[in-house]
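Read off the chains here:
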Amino acid sequence: MEINQTHINAASNARHIFYSNKDLPSITLKDFLDEKSYSALAKKIKSLKYKIESFPLTHKYAVSKDAVIMINGLKDYLSIVVGAKIKKITFSSYYLTQGDYSIISQDALEKPGIDLIFDITPDWNDDFGGNAVFVDGSGEYYNINSCKNSLTIVARKKGIYRFFDYVNNYAGSKKRFIIIANAVLS
Amino acid sequence: MDIKTALRSKIVSSWLNKRYLSENAIISLKTEFMKNKPFKHLFVKDFLSDKMAQDVLFALSKESFSNKKSDLFKFMQTYDLIGSNRKILSEFRKFLCSNEFISIMSFITGRNPKSGFLDMHGTLYQDTDYLLCHDDKLLGRNIAYIFYLSTLSKKDGGALRLYNSKAGKPVKISKELSPKANSFAFFEVLPTSFHEVEEVRGDAKRITINGWFHGN
C-alpha cells in the first residue's frame, strides 16, 4: 500500500504543523493513501477477524489486535514528521456500532507515545460519535477531525489519554472502522 | 428519631405524599427495598403531591443548566441547588436533608445518612445524552437518589439501568427503570452498585433532581 505522493513531498512541512500545537502535537492528513491503496486497506480491514469486547466499566467495541498492515515508507514518513526514528509500529483495528464506547480507566492507562489513527469509514457523521478524543488532566478535550482515508498522528504526552466517545442511536446499523497504531521510537 | 414522630412532623407531612404518611406504608417500602435486586434500591411512585411536584419542576425550569461532557457522560446540569434562591427548591432541599426525612431513609435502608448533608443538582438529558456504567463510589456518598420530574416511555430511552455483578465487576443489565414523573428512586452507594442512564432518543426530556445523601 502506498502513501499519497503529495504527503511524502510535504513531510517536512507536516512536521512544522505537527509541532505547532504545543499542548498536543498532532496533525491530520487527509487522503493519506492513494485511492487504490485505500480501497485495498478498507477491504483488508473488513476481512479481519474481530472480537466483540464488552466490559461496561472500560469499553464496548469490536477489535482485531496485532493486525498486519504494510504501508510502504510509513516508518520513514513518520520519522520525518515526529523528528525521531521509528522502530516499530503495531496496529489494532476497531469497529464501533451504536452503543459502543471506551472510558478512560485508572487501571489501564496507556503510556505516553505516538498514536496513529486511520479512519477507514466512508459515510460517517461525527455527530454519531465513535470519535477518538484526547483529554488532559485539566479536562481539556482535543477532538480528532478524522474522515475516510485520513491519518492523524498524535504525540500523546504524559497525562494525556484517549477514548472513543459513545456511538449514539443515529448511527443506526453503520459501523465505524478505525485503526489505532502505536509507533515505538528507537 | 422514630418513624411515627418523623411522619407526624410538619416538614414530612407537608411534603411527602399522604399515601406514605403511615408506619405500615414505610415498613412496606423497607421490605421492598431490602429484597430488590441486583442491589438494594427503591422506586417510589407519587412521592409528593402532584401540585408540589409541578411546582418543583416549574422552579427547576428557571435554573441555569450548562453542558457537561466527558468520556463517561453527556447531559446538562445545574450547579448544586444549595445555592438556589428559588424558595420551593430551597424548601425541597431542606425537606430531603431534614432530620425527619433522614430518619425515614435510615429506617428504610438500614444506613446512616447524615442530616444536613446533601448533594442536589438538576439534570437534563435530551436526544443522544447518556451516562455510562459506573458505581458512584466517592468518599462520603451514602445513598444515591433521583427525583424524576418527567415521564419517558421505553422508546424514549433514558431508563436507569442496574447491573448485576461478579467479582466486583458489572456483568450485565439486570433491571431497567423508566422515568416516571413524581417518582423518587434511591439505592445504596456500594462498590457494586453499578448503573447507567440509557441514551435518550428523540424529543423526550429526562428531567431530574438528583444527588447523594452523605454519611459514613
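Residues numbered from 1 in each chain as written. Chains lettered and ligands numbered in written order. Predicted model: local features only at pLDDT ≥ 70, side-chain atom pairs only at ≥ 80, totals over all residues. Heavy atoms only, no water.

Draft legend 1. Just the interface of chain A and chain B, in detail. Contact residues are listed per partner, giving 15 residues for chain A and 18 residues for chain B. Interface area for chain A against chain B, summed over the two sides, is near 1300 Å², with a carbon-plus-sulfur share of 61%. Area buried by chain A at its contact with chain B is led by Pro56, Leu57 and Tyr166 of chain A, which between them contribute 43% of it. Between chain A and chain B we count one salt bridge in total. Salt-bridge contacts for Lys69 of chain B lead to Asp165 of chain A; the nearest nitrogen and oxygen are separated by 3.8 Å. Linking chain A to chain B there are four residue pairs in polar contact (both at pLDDT 80 or more). Its residues assigned to classes, the side of chain A that touches chain B shows ten nonpolar, three polar and two charged. (Contact = heavy atoms within 4.5 Å. Buried area = accessible area lost by both parts, 1.4 Å probe. Salt bridge = Lys/Arg side-chain N within 4 Å of Asp/Glu carboxyl O. Polar contact = N/O pair within 3.5 Å; in protein donor to acceptor, adjacent residues only side chain to side chain. Nonpolar A, V, L, I, M, F, W, Y, C, P; charged D, E, K, R; others polar.)

Draft legend 2. Spatial organisation of the pairing of strand β2 (residues 51–55) of chain A. All names here are of chain A. Direction of pairing for β2 relative to strand β3 (residues 59–67): antiparallel, over a ladder of five bridges. In the strand pairing of β3, Glu53 is matched with Tyr61. Hairpin connection, β2 to β3: the antiparallel pair is bridged by three residues. (Pairing = 2+ DSSP bridges. Helix = DSSP H or I, 4+ residues; strand = E, 2+ residues; numbered from the N terminus.)

Draft legend 3. The arrangement of unusual backbone geometry in detail. Residues and elements named next belong to chain B. Pro38 follows Lys37 through a cis peptide bond whose omega is 10°. Among the secondary structure elements, Pro38 is positioned in the loop between α3 (23–35) and β1 (41–44). Positive phi outside glycine occurs at Asp136, with the angle close to 70°. Locating Asp136 in the fold gives a position in the loop between β6 (130–134) and β7 (141–148).

Draft legend 4. Representation of the confidence of the model for chain B. Mean pLDDT over chain B works out to 96, with 100% of the residues at or above the 70 mark. Model confidence for the complex is summarised by a pTM of 0.94, with the ipTM given as 0.92. (pLDDT = per-residue confidence, 0-100.)

Draft legend 5. Quick peek at the side chain of Asn131 of chain A. All names here are of chain A. When you line up the elements, Asn131 lands in the loop between β6 (113–119) and β7 (132–135). A distance of 3.1 Å separates a polar side-chain atom of Asn131 from the backbone oxygen of Asp126. In this view, Asn131 contacts Asp126, Phe163, Phe164, Asp165 and Arg176; residues no more than four positions away in its chain are not counted.

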